[in-house]
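# Examination of the molecular architecture
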Amino acid sequence: MSTHSRHIQLMDTTLRDGEQTQGVAFTPMEKVSIAKALLQFLRVDRIEVASARVSEGEKEAVSLINQWARHEGFAERVEVLGFVDHTRSVDWIKSTGGSVINLLAKGSEKHCREQLGKTLEQHSADVLQTITYAHEQGLKINVYLEDWSNGYKDSREYVYGLMERLQQAPISHFMLPDTLGVMSPDEVFASFSDMCQRYPTLQFDFHPHNDYGLATANVMAAVRAGVSAVHCTVNCLGERAGNASIAEVAVVLRDKMAMELSVDESHLVRISEMVENFSGKRVAANAPIVGADVFTQTAGIHADGDQKGGLYKTKLGPERFSRIRSYALGKMSGKASLKKNLEQLELDLSEEDQKKVLARIVSIGDSKQTITTDDLPFIIADVLESKSYQHIKLLACSINSGLDLPSTVSIRVDVKGEKHQTTGAGSGGFDAFIDAIGKVLQHYDYTLPTLADFEIRIPKGGHTSALTECVITWDCGTELRKTRGVHVNQVFAGILATIKLINIQLHEKANSPQA
Ligand SMILES: CC(C)C(=O)C(=O)O
């Protein structure tokens, strides 16, 4: 089969096979919202929205989808899985206003014999009977050959026999599934090449599963062999390891095989988020295209390369999916990563200040704390106002706090080159620290001013692993003074703000004329 550009239909089965993911059940309104987003915004060619006769809720969902689809002119693009049960699935689909049945026939001799207890002749007669009835009722008919991958391998004569009996029936698409996700790309290519050559006038769909992680690669092989439609789901949902991810399939068919598709890629991420919310199944941060981290560069060298002629750019640019590239901050950040973040925040820092901020980012990153772009303004504010006074250094500090128990603290500090170790107690961790540090500072004729205000903030993003910023306002008699501390632990943020004030005041004391 030539790999010349041709239109490949995407049939999305998030609402049928996707709902067969363990623990996933969509409400009717959720199904309607996903169906609308798939057809109207993502513009997939066809959607499979349910299995017939499942429940009353399912009937309501399918009816609502069909009502909307008919109004929008999408009626024939909404499909429902039906069973070889004479009239019952067809009647159920008709009662929902549906137009298309995806009839589940058996694609392997083993399934036919063991599960149905039928011969090929008996089963094909049953299938044809349901097809005739569906046709009379005006439904468009597609047929699944369930377990076809094993059937083709172990009982090829059965597969050919079934095809011979069905090929003259009014079937729009023969849908060949790798039901257990056991095929390799080579096997997919060989078997579809054979099917497409044997039945050149028929339309074949490929329905992959991802048990070996090969679903997308197998889609490529099936398209190369000549199929005209492939099935996929949002976020790779589906029975067991899922189906093929629609995001992966869309970009791979376009970029790697130059196929024409109807999907609008700029909606892939939005629909992924919608399905993530409704299904309760989190998308892995490194899932291609839709994962939270996939457009984040972590190594400083990548950020540097992006600045120098887009050295790390590929076709998979974030703009294509309405996303933006970000540059992670941590121990591997370089000057370029910081610069990119500053640009995004529209902040301008001198080279000298950038160096200081970068050193702080690297040291925070070294202790494994996650730093986000939201944290950056806190770090900048903290670093830029910090003086390099070293009158007091906190060498170690451990805090014990408990519910309904006084807090205790143990500290080791260096004041003007002298080491002190002491403990303190208080109603909370910060209070206990003030008790302990007060005991040390009395040796230096220094008393901490009282607090006028104590404010803790987290960055706008609001995640619990964020840095916290503590701004303390001190009542210094003739004036109010503010100092800031930044740390992942809010008590330590307060302690760092306190150490900063002590350093400033010890410095002023040392430099005052009375000293
Ligand atoms: C139910 C059938 C069509 C299926 O999903 C499969 O065989 O993978």
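Okay, so let's go over this structure. None of these values were measured; they are calculated from a predicted model.

### Notes on the overall build of the protein chain
- On a plain count of helices and strands, the protein chain comes out with 17 helices and 16 strands.
- Taken against the 2.2 N^0.38 rule, which gives 24 Å for 515 residues, the C-alpha radius of gyration of the protein chain at 33 Å runs more than 25% over that of a compact globule.
- In terms of overall dimensions, the protein chain has a C-alpha envelope of 110 × 55 × 45 Å along the principal axes.
- Taking all 515 residues of the protein chain together, 51% fall into the buried category.
- For the protein chain, the accessible surface area stands at approximately 23,700 Å², while carbon and sulfur atoms represent 51% of it.
- Distance between charge centroids for the protein chain: 4 Å, based on 55 positive and 65 negative side chains.

### Considering unusual backbone geometry
- You will see that Asp404, though not glycine, has its phi angle at about 60 degrees, which is positive.
- Mapped onto the elements, Asp404 comes out in the loop between β11 (392-402) and β12 (405-415).
- Phi is positive for Lys416, which is not a glycine, with a value near 50 degrees.
- Looking at the element boundaries, Lys416 is found in the loop between β12 and β13 (418-426).

### Some details on the pairing of strand β15 (residues 468-475)
- β15 sits mainly inside the fold: seven of its eight residues count as buried.
- One ladder, built from seven bridges, connects strand β14 (residues 450-457) with β15; its direction is antiparallel. Residue Asp453 lies in a different strand from β15, and its bridge partner there is Thr473.
- In this antiparallel pair of consecutive strands, β15 and strand β16 (residues 480-487), the connection spans four residues, and Gly477 shows a positive phi of 80 degrees.

### Remarks on the side chain of Asn210
- As for its placement among the helices and strands, Asn210 is situated in the loop between β7 (204-207) and α9 (215-225).
- The class for Asn210 is buried, based on a relative accessible area of 18%.
- Those residues in contact with Asn210, other than ones at most four positions away along the chain, are Ala215, Cys236, Ala241, Gly242 and Asn243.

### Things to note about the pairing of strand β1 (residues 9-12)
- Bridge count for β1 against strand β8 (residues 229-232) is four bridges, and the pairing is parallel. Within β8, the residue paired with Asp12 across the bridge is Cys232.
- Relative to strand β2 (residues 46-51), β1 runs parallel, the two sharing two bridges. Each residue of the ladder has a partner; that of Met11, found in β2, is Arg46.

Parameters at a glance
Residues numbered from 1 in each chain as written. Predicted model: local features only at pLDDT ≥ 70, side-chain atom pairs only at ≥ 80, totals over all residues. Heavy atoms only, no water. Helix = DSSP H or I, 4+ residues; strand = E, 2+ residues; numbered from the N terminus. Rg over C-alpha atoms; globule rule 2.2 N^0.38 Å. Buried < 20%, exposed > 50% of the residue type's maximum accessible area, 1.4 Å probe, protein only. Areas by Shrake-Rupley, 256 points an atom, 1.4 Å probe, with all protein chains shown as cover. Lys, Arg positive; Asp, Glu negative; His and termini not counted. Charge placed at Lys NZ, Arg CZ, Asp CG, Glu CD. Pairing = 2+ DSSP bridges. Contact = heavy atoms within 4.5 Å.

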